[in-house]
Amino acid sequence: MTLIKTSYGRRSFLKTSALAGGGIVIGFSWLASCNPSPEQVADLPKEWFEINGYLKIGDNGMVTIMSPNPEIGQNVKTSMPMIVAEELDVAWKNVIVEQAPLNTTIFTRQLAGGSQSIRQAWDGLRMAGATARHMLKAAAAQKWEVPIEEITTEEGIIYHKKSDQSIGYGEVASLAATLETPEEVALKELDDFKIIGKQTRNVDGENIVTGKPLFGIDQYSDDMLIAMIVHPPAFGMKLKSFDAAEVKKMPGIKDVFSINTYEKGYLKNMFDADAFPELVVLVGNSTWEVMNAKKALKVNWESFEGYDEEYTNFSGNGSFKQSIPAGGENTSSHLEEMNKLSGKLSKEVRKDGNPAEAFKNADTIIERSYTAPFLAHNTMEPMNFFANVTAEKAMLSGPIQTPEFMEKSVSARIGLPLDKIELDMTRQGGGFGRRLYGHFVVEAAVISQKMKAPIKLVYTREDDMTFGNYRPAYHATYRAALDKDKNLIGFHVRAGGIPESPLFANRFPAGAIDNYLAESWELKSNISIGAFRAPRSNFIAGAEQSFLDELAESMGKDPIAFRLELLEKATNNPVGENNDYDPKRYAGVLELVRDKSNWSPKDNSNVFRGFSAYFCHNSYVANVLEMVMEEETPVVQKVYCAVDCGIVVNPIAATNMVEGGTVDGIGQAMYGGLTFKDGKPQQTNFDRYRMIRHREAPKSIDVHFVQNKEHPTGLGEPPFPPIMGALANALYKATGQRHYNQPYITQKEIVG
C-alpha cells in the first residue's frame, strides 16, 4: 500500500458525529454519483445523514456518495463514486449515488469542462475512500481491543482473523465518526483494484431509458410560469423598441418586458459571454401560449457601434479585453479575409532552427490551406433553467456546466449574497461547452425577481442556434520543405480564426523537426464564440493530420511509419524544450491501432482506409477509418480507435465516450456548418443545419485502450478531433480528391 498525507484533504474533509445511533459521514472535495435500485430502496438504513457533499454510511452498511460534478453525459456520476468505493472497500451493489447541489464550502471545481473531472479528482477521491476505511478499521480495533495493523476489510466487512471476528461497516460507523481523522492513509496498490477497471453500468441508465424526470427541462411546479426571450435577429444589432400592447391581451400572457442580463459596470467572468445582453421577455402560463405570443410580438432593432468588453480570467486574478466591431458580417467576406491573413507574416509563436533557410534551400515545397466554418453546439436538450427568487433567497435549478461561476453572477445581478442562493444541478441533455456559458441562468433569475414568481426559462431551438457562443471559424496553412532526396528539412504552420487562433505551437510535430516555425493570427468579430468540444483541437487536428498524410505520400512513405519516424526523433533527439506531449505514449497508440486494424500500406480494392492521431487534454488517440463507396456515396464502415488515457476507471463508460466522440467528429466534419449574411445566421434549425443521421454513423467502432498505470487523463474530448483527419484521408483514398474545407460533403453550401 502507498501512504499519503491527508493534509490536502483535511481542508475538504468534514467529520460529523452520529446524530443518533449509527452512521458516519465523511465530507470531501471530489465526488460524483448513483441512484438506489428497487432492492436498495426496500432495504434502506434506518439511520444515516442527509447532508450535502458527504460520504454517508448507514447503520446497515449501505453507503451514499454525493456527486458535486455536473453530469453532461460523460458518466462521471458513475465513474467518480467507483473510485471512492474502491478505496472504501465496499461492494458496489451497496452504494447509492446522489447529485449534490452547489456547495463551495465543501467542494472545489464543481465544473464540467476541459475533460478534467477524473484527472483532477483522482487523488482526492481515493483519499476520501481510504480515510473513511481507515477510521472504520480504527473503530473496530478499539471495539475489539486489538492493533489496527491486524485489521483487514473486504466489501464492507471488517475482519480480525487472529480472533476470528468480523463486523459490518454499519455496526461501527457511529464509533468511527467520533475518531480523529488520520494524518496519513494507505491507498490500495493498483493491482488490488476490484471496482476500478470493471464494466459498471450508468447509475442513471434505467431512469434515462424509462423517461424519469432527471433533466432541467423536466422540472415543474404548480405555480411555475413559463418565460421565453426574443433577441436580435443578427449579430451587430441591438434592441430599439417593441410594442407589447396587443400581445399582453393574448390568452395566458402575464407580462412582456425587456431586461439587461448584465448591468452596466459589471465585470463579467469568462463564462458570462453573451452576444445579446438586452432581451425582450414574454412570461405566461404555458409554453404554447408564450410561443404564440412571441410570434405576434412586434420588435424593432438597430445597429450598434463597436465597443470594448472586459472579462475576468478563469482564475479571477486578472482580466482580458476584447474588441467588438460594428456591422453585419458575412461568411463570404470571412473567407476572403482569412485567405488574405493566411498569406501575411503573423505573430511568431515558436521557432526552432532556421526554417527560412530550410525553405530557401528546399528542392520541393508543399503548401496546403484548410478551413472550417462556425459550428453551433446543438445540445439535445434546449437551454432552460428554473428560478424562484424572493427578497430573502433565490432557488435555482437546471443544466449548467459552471455552477460556481453562475452563482456569483446571479448574486451580483440580483443583489443577494451567495449564502442566500441555492443552485441545484440537474442532469444535462448534452453540454459540449455550450452550457459553460450561463447567461440563461442569470436571465432566469432576473425574470423571476421581476415577476415575483417561480419561472422556467425555455429557449426554442431557433433561440439557441442563433444566440451565439459558437465554435469559431478557422483557417490554417501548412508548408513543408523537402530536399532532393525527399527528406523533410523544414515545417511551417500559420493558423488563425474568427475571432481566435486554433494554433497549439508546442504540439506534434513540433519537437520532431529541426527547422520549425509556428505563426498565429486572429480576426475580430461581433459573432460570439465559446468553447466547443476539444476547443481549437477540433479543427487543427484534422488539418494537421490531413497535411501529414499528404506529406507522407509526397515522400513515398507509409503514413503511420512516417509519423513513427518523427516520434522516434522526438524521443531520442527532441528539438526544443516545450513539447507538450510524451512521444513514447504518442507512438504507443499508433502502434496499437496499426496492429489492431492490421494496417497495410495498400487498401483492398473495395475498402479505403484513412489514418489519423492526435494528443489533447493529456490523452492520446489514434484512428484507422474504413470507408466504402455505395452508389458514389462514401459510407464509413468501421473505425478502429486506440486510446491512451491512463487508468480506465469504467471501461464501458470510456468506450461509450470514444464511440460518441468518433460519431460526433465524423458528423461535424462531414456536414456541420453555420453561415452568416449581414450578421444573420442562415441556419436556424435542423431543417437547414445538417447533423449526422443514424445511417451515416460507422457500422462498427472497435475501441482499444493502452493498458498502463498512468493516472487517468481526459476522455470526453480527445476522441473528437483526430477522427476528422482520418475521415479526410479515407475520402481521398476513396474519391481521389483531397478535402481541405469543412464540411467535406456540403462545401458549396457553406459559402453562403
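Residues numbered from 1 in each chain as written. Predicted model: local features only at pLDDT ≥ 70, side-chain atom pairs only at ≥ 80, totals over all residues. Heavy atoms only, no water.

Brief notes about the confidence of the model for the chain
Mean pLDDT over the chain works out to 91, with 92% of the residues at or above the 70 mark. Here residues 1-34 is a poorly scored stretch, pLDDT under 50, and it has 150 contacts once near neighbours within four places are set aside; other chains count. (pLDDT = per-residue confidence, 0-100. Contact = heavy atoms within 4.5 Å.)

A short note on the sheet that holds strand 11 (residues 225-230)
Consider a sheet: its strands pair through backbone hydrogen bonds, and that pairing is either parallel or antiparallel. Strands sit in the order 13-15-11-24-21-22-23 across an open sheet of seven strands; the sheet is mixed. One side of each edge strand has no neighbouring strand; the edge strands of this open sheet are strand 13 (253-260) and strand 23 (421-425). Sheet twist, expressed as the average angle between the axes of neighbouring strands with direction ignored, equals 20°. Sheet contacts for helix 7 (residues 287-296): strand 11, strand 13 and strand 15 (278-284); angle to strand 11, the most-contacted strand, approximately 25°. Its contacts with the sheet put helix 10 (residues 403-414) on strand 13, strand 21 (384-389), strand 22 (394-398) and strand 23, and the angle it makes with strand 23 is roughly 145°. (Pairing = 2+ DSSP bridges. Helix = DSSP H or I, 4+ residues; strand = E, 2+ residues; numbered from the N terminus. Axes fitted to C-alpha atoms, helices over the stretch in contact; angles between N-to-C directions.)

A look at helix 5 (residues 169-176)
Of the positions making up helix 5, those classed as buried are Tyr169, Gly170, Val172, Ala173 and Ala176. The arc enclosing the buried residues of helix 5, seen along the axis, measures out at 165°, which places them on a common side. (Buried < 20%, exposed > 50% of the residue type's maximum accessible area, 1.4 Å probe, protein only. Arc of directions from axis to C-beta.)

With respect to unusual backbone geometry
A cis amide bond links Ile498 with the next residue in sequence, Pro499, at an omega value of -5°. Within the secondary structure, Pro499 is located in the loop between strand 26 (488-498) and strand 27 (516-522). Look at the link from Phe508 to Pro509: it is a cis peptide, with omega at 10°. The phi torsion at Asp89 lies on the positive side, around 65°, for a residue other than glycine. The topology assignment puts Asp89 in the loop between helix 3 (76-88) and strand 6 (95-99). A residue is classified by how much of its surface remains accessible, and Asp89, at 7% relative accessible area, is buried. Although it is not a glycine, Ala534 adopts a positive phi angle of roughly 60°. Here Ala534 is to be found in the loop between strand 27 and helix 13 (537-555).

Notes on the state of the cysteines
A complete count under the given rule lists zero disulfides for this structure. The closest cysteine sulfur to the non-disulfide-bonded Cys616 is located on Cys645, 12 Å from its own sulfur. Assessed through its relative accessible area of 4%, Cys645 is described here as buried. (Disulfide = S-S within 2.5 Å.)

Points about the pairing of strand 6
Bridge count for strand 5 (residues 63-67) against strand 6 is five bridges, and the pairing is parallel. What sits directly across from Met66, in strand 6, is Glu98. Each parallel crossover has a hand, and the one from strand 5 via helix 3 to strand 6 is right-handed. (Right-handed = clockwise from strand over helix to strand, strands pointing away.)

So, the side chain of Asn75
Inspection of the secondary structure assignment puts Asn75 in the loop between strand 5 and helix 3. Overall, the relative accessible area of 6% leaves Asn75 in the buried class.

With respect to the sheet that holds strand 29 (residues 619-630)
Spatial strand order, 28-29-30-33: four strands in an open sheet with mixed pairing. For this open sheet the edge positions go to strand 28 (608-616) and strand 33 (700-705), each flanked by a neighbour on one side alone. Each adjacent strand pair in this sheet contributes to an overall mean axis angle of 20°, direction not counted.

Here we look at the pairing of strand 18 (residues 319-324)
Bridge count between strand 17 (residues 307-312) and strand 18: six bridges; the pairing is antiparallel. Bridge assignment links Tyr307 to a residue of strand 18, and that residue is Ile324.

Considerations on the pattern of salt bridges
Summed over the entire model, instances satisfying the criterion amount to 34 salt bridges. A salt bridge links Asp191 to Lys709, with the nearest nitrogen and oxygen atoms 3.0 Å apart. Residue Asp191 is located in the loop between strand 10 (184-187) and helix 6 (205-209), and its partner Lys709 is located in the loop between strand 33 and helix 17 (722-735); the two are separated by 518 residues in the primary sequence. Given a relative accessible area of 61%, Asp191 falls into the exposed group. Residue Glu553 is joined to Arg738 by a salt bridge in which the shortest nitrogen-to-oxygen separation is 3.0 Å. With a gap of 185 residues between them, Glu553 in helix 13 and Arg738 in the loop between helix 17 and helix 18 (747-750) connect regions that are remote in the sequence. (Salt bridge = Lys/Arg side-chain N within 4 Å of Asp/Glu carboxyl O.)

Some words on the packing of helix 14 (residues 559-572) against helix 15 (residues 583-596)
Two elements in contact, helix 14 and helix 15, have axes separated by 9 Å at closest approach and are oriented at 160°. By the angle between their directions, the pair helix 14 and helix 15 is classed as roughly antiparallel. Relative to helix 15, the crossing made by helix 14 is left-handed. For the pair helix 14 and helix 15, contact is made by Ile560, Arg563, Leu564, Leu567, Ala570 and Thr571 and by Pro583, Lys584, Tyr586, Ala587, Leu590, Glu591 and Arg594, respectively. Looking at the contact of helix 14 with helix 15 residue by residue, the classes come out as eight nonpolar, one polar and four charged. (Parallel < 35°, antiparallel > 145°, perpendicular 65-115°, else oblique. Left-handed = near helix turned anticlockwise from the far one by under 90°. Nonpolar A, V, L, I, M, F, W, Y, C, P; charged D, E, K, R; others polar.)

Details of the nonpolar core
One finds Leu396, Ile447, Leu457, Leu625, Phe705 and Leu727 to be the most contacted residues of the largest nonpolar core, which totals 95 residues. Within the second largest apolar cluster, 54 residues are counted, among which are Tyr370, Tyr474, Leu488 and Ile540. (Core = buried A, V, L, I, M, F, W, Y, C linked by side-chain atoms within 4.5 Å.)

Regarding the environment of Pro233
On the secondary structure map, Pro233 appears in the loop between strand 11 and strand 12 (237-243). Expressed as a C-alpha distance, the spacing of Pro233 and Phe467, which sit 234 residues apart in the sequence, is 8.8 Å. Apart from residues lying up to four places away in sequence, Pro233 is in contact with Trp301, Lys680 and Pro681.

Considerations on the packing of aromatic side chains
Per the stated rule, a full pass over the model turns up 29 aromatic pairs. Centre to centre, the rings of Tyr478 and Phe491 are 5.9 Å apart; their planes meet at 65°, and the pair counts as edge-to-face. Taken together, the residues span a long stretch of sequence, with Tyr478 in strand 25 (residues 473-482) and Phe491 in strand 26 at a distance of 13 residues. When sorted by exposure, Tyr478 lands in the same class as Phe491, which is buried. Here the aromatic rings of Tyr586 and Tyr620 are separated by 5.8 Å at their centres, their planes lie at 65°, and the arrangement is edge-to-face. Highlighted residues: Tyr586 in helix 15 and Tyr620 in strand 29, separated in sequence by 34 residues. Each member of the pair Tyr586 and Tyr620 is classed as buried. A connected cluster of aromatic rings, assembled from ring pairs, spans Phe235, Phe276, Phe374, Tyr459, Phe467, Tyr470 and Phe676. Directly above the aromatic system of Phe504 lies the positively charged group of Arg507, at a separation of 3.6 Å from the ring centroid. Its end group placed over the ring of Tyr732, Arg738 keeps NZ or CZ at 3.6 Å from the ring centre. (Phe/Tyr/Trp six-rings, centres within 6.5 Å; stacked < 30°, edge-to-face > 60°. Lys NZ or Arg CZ within 6 Å of the ring centre and 35° of its normal.)

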